[in-house]
Amino acid sequence: MRKLYFLFILLFVSLALNSAERFVTFKKNDVALPIIDNGKVINILYDSSDQKGIGIAVNNLIEDFERVCGLKPNMLSGNSGENCIIIGSLDSKYIKQLIKSKKLDKKALQKKNEKYIITTVDNPLEGIDKALVIVGSDRRGTIYGIYELSEQMGVSPWYWWMDVPVAKQKEVYVMPGIYTDGEPAVKYRGIFLNDEAPCLTEWVKHHYGTNFGDHRFYADVFELILRLKGNFL
């Protein structure tokens, strides 16, 4: 039944306008930060008071780690004395600390639209030797950065809708540097669900057991749009 969504591919061709330079590698080296290594996975530090949509994407990232290596990162509540991934918008208390200590340049994101930066930072916070930092100018920018990491690890945006298999990995590393695809070149990027009946409504009833798409259906649609760096339905 998912083949009904072949139309989605055509609609989203225009979303692939920019892509970040590749920063994930599956080969160990002396300078890369291990995020999956020796049967261990890096944990995530996230400010729970940050915007709710970011928290949803963080939870999806945790699931994506499990898809790749069979292990789930823990969600940290504070500095734990170990390497970690720090995720947040400019509203995050952890991101504010990094800006205050000049570990991040606020000007690179301030007043930007839907932009993210992914970078490795030495000694980002007290007790942490190194972190992979995913920071966005706003909510969607941060979410796009989260899903950029997922995709480079091997989780296609189409893992659910088109059953694209996830390549299993025992080792995943992030190269040092500053990575971004900048602000989107097109302001509104999304889809219009046309001809809902009978194809879409029949599929929704078969899959979700409802006559019309409920919150479960739209959660899956919205996740796909955001993984493809869209912002409009």
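Sequence order sets the numbering: in each chain, residues are counted from 1 along the sequence as written. For a predicted model such as this one, the threshold for reporting local features is a pLDDT of at least 70, and the threshold for listing and counting side-chain atom pairs is 80 or more; totals across whole chains, interfaces and linings nevertheless cover every residue. Hydrogen atoms and water are omitted, and side-chain values are computed over all heavy atoms in the structure.

Draft legend 1. View of the sheet that holds strand S3 (residues 40–41). Reading across from one edge, S1-S9-S2-S3 is the order of the four strands in this open sheet, with antiparallel pairing throughout. Here the strands that pair on one side only, and so sit at the sheet edges, are strand S1 (24–25) and S3. If DSSP finds at least two bridges between two strands, the strands pair. Helix and strand labels come from DSSP, where a helix needs a run of H or I of at least four residues and a strand needs a run of E of at least two; each type is numbered from the N terminus. The pairing of strand S2 (residues 33–37) with strand S9 (residues 172–174) spans three bridges and is antiparallel. Bridged to Leu33 within S9 is Val174. By definition in these notes, contact holds between two residues if any of their heavy atoms fall within 4.5 Å. Each axis is a line fitted through C-alpha atoms, taken for helices only over the stretch in contact, and angles between the N-to-C directions span 0 to 180 degrees. Lying over the sheet, helix H2 (residues 52–69) contacts S2, S3 and S9, oriented at roughly 65° with respect to S2.

Draft legend 2. Broad picture of the packing of H2 against helix H4 (residues 139–153). Orientation of H2 relative to H4, taken along the N-to-C sense of each, is 5°, at an axis distance of 9 Å. Considering their axes alone, H2 and H4 lie roughly parallel with respect to each other. Of the residues in H4, those in contact with Gly53, Ile54, Ala57, Val58, Asn60, Leu61, Asp64, Phe65 and Val68 of H2 are Arg139, Thr142, Ile143, Ile146, Tyr147, Leu149, Ser150 and Met153. Of the residues assigned to the contact of H2 with H4, the class counts are eleven nonpolar, four polar and two charged. Any angle that is under 35 degrees is reported as roughly parallel, and any over 145 degrees as roughly antiparallel; angles of 65 to 115 degrees are reported as roughly perpendicular and all others as oblique. Polar here means any residue outside two lists: the nonpolar Ala, Val, Leu, Ile, Met, Phe, Trp, Tyr, Cys and Pro, and the charged Asp, Glu, Lys and Arg; Gly therefore counts as polar.

Draft legend 3. Here's a closer look at H2. Along its 18 residues, H2 runs 26 Å from first to last C-alpha, staying within 8% of the 26 Å computed at 1.5 Å per residue. Once H2 ends, the next one or two residues include Gly70, with phi positive near 85°. Take the number of residues in a helix, subtract one, and multiply by 1.5 Å to get its expected span.

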